[in-house]
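Architecture and fold: a report
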2 protein chains.
Amino acid sequence: MSDLKNDRFLRALLRQPVDATPVWVMRQAGRYLPEYRARRERAGDFMSLCQNPQGACEVTLQPLERFDLDAAILFSDILTIPDAMGLGLYFDQGEGPKFRKAIESAKDIEDLPIVNTASDLPYVPDAIRLIRRELNGRVPLIGFSGSPWTLATYMIEGGSSKDFAKIKTMAYSNPDLLAVLLEKLTLSVIDYLNAQIAAGAQAVQIFDTWGGVLSTAAFQQFSLKYMAQIVAGLNTEAEGRTVPVILFTKGGGGWLESVVATGCHAIGLDWTQDMGEARARVGDRVALQGNLDPAILRSSVQVVESEVGKILGSYGSGEGHVFNLGHGVTPDIDPRHVAALVDAVHSLSVKYH
Amino acid sequence: MSDLKNDRFLRALLRQPVDATPVWVMRQAGRYLPEYRARRERAGDFMSLCQNPQGACEVTLQPLERFDLDAAILFSDILTIPDAMGLGLYFDQGEGPKFRKAIESAKDIEDLPIVNTASDLPYVPDAIRLIRRELNGRVPLIGFSGSPWTLATYMIEGGSSKDFAKIKTMAYSNPDLLAVLLEKLTLSVIDYLNAQIAAGAQAVQIFDTWGGVLSTAAFQQFSLKYMAQIVAGLNTEAEGRTVPVILFTKGGGGWLESVVATGCHAIGLDWTQDMGEARARVGDRVALQGNLDPAILRSSVQVVESEVGKILGSYGSGEGHVFNLGHGVTPDIDPRHVAALVDAVHSLSVKYH
């Protein structure tokens, strides 16, 4: 493995000094990029692109050709694990993810296998090895997974949901059965992320996209508990470095202290959380990642720069900040505004380091 | 006006001692009740029912016939104000609210009138007078309005929204123009709520349904600022009593301290906020209302009772708690589970008073 030429991102996650605040963008390889749309068209459907290591590698690298990003993130989907469990993930034109076979009974849950990444999802570590080779040490590569709770919502609802009626009914009426599913997902995620680390992922992020729809007690019981098990089960030393673990619960700004207690290295924040307040609460223990409202990218270069400056100022001086959006970039964004974001983070943050 | 036979709700909002925790349910007069569905069918469309004082009165009283609720809430819609401004509110079958004429330009905003409730929305105070007469002092009557920000989201998006793209673009690109709209809405809401109070509303709630989609700074600038102006502009003394003001920002659990600073009497909490933690933060200054996850009503009587008990225990002993859901009851709920909720609140809360 070649030496890492830009380690700002990894250093910031470990709260070590950096020369400027590192930045990456959730969903940075995505539909807002014309070159992505072209590559996706050639691939046919979205999952074919995810499952083709060469295609996933190409797409992962696309935003790095345009923007001075401090990290690459594996191009994939959070629902590869349920797909590998046999649920048949597919995407209808213009709609969210769906499963051919949703989880409907106790037997469905009992019958689910635990994922063995090497045999069930080989295309993911294959893609990571390829991307690492192509990156050649330019920036670190992030691996990722959905959280067990978030994966379970899709598996039980059969796709996206507005009110999470089915899984919440199970959570309150049959919590032991839901626990069986969440345990299987937890073991699968541990295997999956360890395989990504072994293949070369230099940091990992767990996307708990739907943890924020739970009550405080239910979040602890059905989401955070399993994320803590994952953090404890990861091999976070590789290539002589620590592999930092980032937990991102959308809508989880009220629970930062308990998220810290998982032992994660960093917490991703959505835009509803004030960065300075979050730092005051937990910034002596973890790094913080975020948290520009993606909607701001619709405005103008000038507004993007101004709002970037506010978040940098809110975080203040010193180590431990990775700049990002508070959620993924949407397809309608002008890539020039993403360029403005990345450049503004670097230029405006120097004075804080 | 006859004396109030049950003033638990008003006393709890003012943090005065009560014999048991009062309870009402957001959207307690709604589609989960067969008698509501029958009355609605007779009325034709939803807005016709809102605009008919006799019909609104009947529907307001329906849940009180079934459940031992401690308050009635005016049956109406938060979008009566934009409708009265000329936007043409309508509801398509099975869809959310829509406007025939969305706000699209600076001229559209300049042309908007400020609502005069007496002339533009007479059916609302008429309904309140009728409901008060029919209630005959049984329980207090709650009036309500949407917050300026929340009303503006529907007016600019043209209806419900997933990402609030249009209004956020305006908020970041042209905040002065959005401020003109929010000022007009603020003056309209003040007039509207004061007219409701003059007609007999004994408490008022401001529904800031979409304040929680904003960043902390944007929430202060575009939502909270105007709610504070409303609180300051209300005539909160009527019939020799204080008319308490409840502010409910869904997703606003991180901002309780700044919501208190508006001078409101109570804060509505969604279910993501731990009741005990909220009380520790602000419970010496305001009452707290909430906050059972409405999804729990899908489970069973036993689970409903258990979860009610947890929230009561989390709040603990003493004054200042009004029990409610963390959001409105949904159409798929069995009314017997709402009955179980109401009865459990009363029976399980006695020991805390």
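Below you will find a few notes about this structure. These numbers come from a predicted model, not from an experiment.

1. Brief notes about the sheet that holds strand 11 (residues 321-325) of chain A
Residue and element names in this part refer to chain A. Taken in spatial order, the seven strands of this open sheet run 1-4-5-8-9-10-11, and their pairing is parallel. A strand with exactly one partner marks an edge of an open sheet, and here the two such strands are strand 1 (72-73) and strand 11. Pairing geometry for strand 10 (residues 287-292) and strand 11, over five bridges, is parallel. In the strand pairing of strand 11, Q289 is matched with V322. Helix 14 (residues 275-282) contacts strand 9 (266-268) and strand 10 of the sheet and is inclined by roughly 165° relative to strand 10.

2. A few points about the packing of helix 15 (residues 301-315) of chain B against helix 16 (residues 335-349) of chain B
Angle between the axes and distance between the axes are the two parameters that describe a pair of packed helices. All names here are of chain B. Relative orientation of the contacting elements helix 15 and helix 16 amounts to 40°, with a least axis distance of 9 Å. Relative to helix 16, the element helix 15 lies oblique. The handedness of the crossing between helix 15 and helix 16 is right-handed. Residues V301, V304, E305, V308, G309 and L312 of helix 15 lie in contact with helix 16, whose contacting residues are H337, A340, L341, A344, V345, L348 and S349. Classifying every residue of the contact of helix 15 with helix 16 by side-chain character gives nine nonpolar, three polar and one charged.

3. A few points about the sheet that holds strand 11 (residues 321-325) of chain B
Each strand in a sheet pairs with another by means of backbone hydrogen bonds, the pair being arranged parallel or else antiparallel. Residue and element names in this part refer to chain B. Taken in spatial order, the seven strands make up an open sheet running 1-4-5-8-9-10-11, and their pairing is parallel. Looking at which strands have only one partner, the edges of the open sheet turn out to be strand 1 (72-73) and strand 11. Taken together, the three bridges between strand 9 (residues 266-268) and strand 10 (residues 287-292) define a ladder with parallel strand orientation. Paired with A266 across the strands is A287, a residue of strand 10. Lying over the sheet, helix 14 (residues 275-282) contacts strand 9 and strand 10, oriented at roughly 165° with respect to strand 10.

4. Let's talk about the pairing of strand 10 of chain A
Both faces of the sheet carry side chains from a regular strand, because those side chains alternate between them. All names here are of chain A. Where burial is concerned, most of strand 10 is hidden: six out of the six residues are buried. Taken together, strand 9, helix 14 and strand 10 form a β-α-β motif whose crossover is right-handed. Following the backbone out of strand 10, through helix 15 (residues 301-315) and into the adjacent parallel strand 11, one traces a crossover that is right-handed.

5. Let's talk about the interface of chain B and chain A
Between chain B and chain A, the contact holds 26 residues from the first and 26 residues from the second. Those elements giving two or more residues to the side of chain B that touches chain A turn out to be helix 10 (165-173) and helix 15 of chain B. Top element by residues in the side of chain B that touches chain A is helix 10 of chain B. It accounts for five residues. Its residues placed into classes, the side of chain B that touches chain A shows seven nonpolar, 13 polar and six charged.

6. Notes on the relation of the copies chain B and chain A
By a simple turn and slide, chain B fits onto chain A: the slide is 0.0 Å along the axis, the RMSD is 0.0 Å, and the turn is 180°. Such a combination of turn and shift is consistent with a two-fold rotation axis. Among all C-alpha atoms of chain B, that of G254(B) lies closest to the rotation axis, at 3.1 Å. Comparing contact sets, 96% of the residues at the interface of chain B also lie at the interface in chain A, consistent with an isologous, same-surface contact.

7. Section: the packing of helix 9 (residues 148-157) of chain B against helix 10 of chain B
Residue and element names in this part refer to chain B. Interhelical geometry of helix 9 versus helix 10 gives an angle of 110° and a closest axis separation of 8 Å. In terms of their interaxial angle, helix 9 and helix 10 are classed as roughly perpendicular. In the crossing of helix 9 with helix 10, the sense of the turn from one axis to the other is right-handed. Counted together, A152, T153, I156 and E157 of helix 9 and K166, I167 and M170 of helix 10 form the full contact between these two elements. A class-by-class count of the residues in the contact of helix 9 with helix 10 yields four nonpolar, one polar and two charged.

8. Looking at helix 8 (residues 123-135) of chain A
Residue and element names in this part refer to chain A. For helix 8, with 13 residues, the first-to-last C-alpha span of 18 Å sits near the 18 Å given by 1.5 Å per residue. What helix 8 keeps buried is the set V124, P125, A127, I128, I131, R132 and L135. What you see down the axis of helix 8 is that its buried residues fit within an arc of 155°, all on one side. Of the surrounding secondary structure, the elements contacted by the buried residues of helix 8 are helix 4 (53-66), strand 1, helix 5 (80-87), helix 7 (117-120), strand 4 (141-146) and helix 11 (175-199).

9. What about the environment of Q54(A)?
Along the polypeptide, Q54(A) turns up in helix 4. Counting along the chain gives 17 residues from Q54(A) to A71(A), while the straight-line C-alpha distance between them is 19 Å.

10. Description of the nonpolar core
Counting 243 residues, the largest nonpolar core has I142(A) and I142(B) as the members making the most contacts within it. Not counting the four nearest positions on each side in its chain, I142(A) is found in contact with A71(A), A72(A), I73(A), L74(A), A201(A), A203(A), V204(A) and Q205(A).

11. Observations regarding unusual backbone geometry
The peptide bond linking G290(A) to N291(A) adopts the cis configuration, its omega dihedral lying at -5°. As for its position among the elements, N291(A) is in strand 10. Phi is positive for R27(A), close to 65°, though the residue is something other than glycine. Position of R27(A) among the secondary structure elements: in the loop between helix 1 (8-13) and helix 2 (34-43). Residue R27(A) is classed as partly exposed on the basis of its 18 C-beta neighbours within 10 Å. We note that N136(B) has phi near 55°; this positive angle belongs to a residue other than glycine. Note that N136(B) resides in the loop between helix 8 (123-135) and strand 4 (141-146). Accessibility expressed as a C-beta count within 10 Å gives 10 for N136(B), which makes it exposed.

Cut-off values and rules
Residues numbered from 1 in each chain as written. Chains lettered and ligands numbered in written order. Predicted model: local features only at pLDDT ≥ 70, side-chain atom pairs only at ≥ 80, totals over all residues. Pairing = 2+ DSSP bridges. Helix = DSSP H or I, 4+ residues; strand = E, 2+ residues; numbered from the N terminus. Contact = placed C-beta atoms within 7 Å. Axes fitted to C-alpha atoms, helices over the stretch in contact; angles between N-to-C directions. Parallel < 35°, antiparallel > 145°, perpendicular 65-115°, else oblique. Left-handed = near helix turned anticlockwise from the far one by under 90°. Nonpolar A, V, L, I, M, F, W, Y, C, P; charged D, E, K, R; others polar. Buried ≥ 20, exposed ≤ 12 C-beta atoms within 10 Å, placed from the backbone. Right-handed = clockwise from strand over helix to strand, strands pointing away. Least-squares fit on C-alpha atoms with pLDDT ≥ 70 in both. Expected span 1.5 Å × (residues − 1). Arc of directions from axis to C-beta. Core = buried A, V, L, I, M, F, W, Y, C linked by C-beta atoms within 7 Å.

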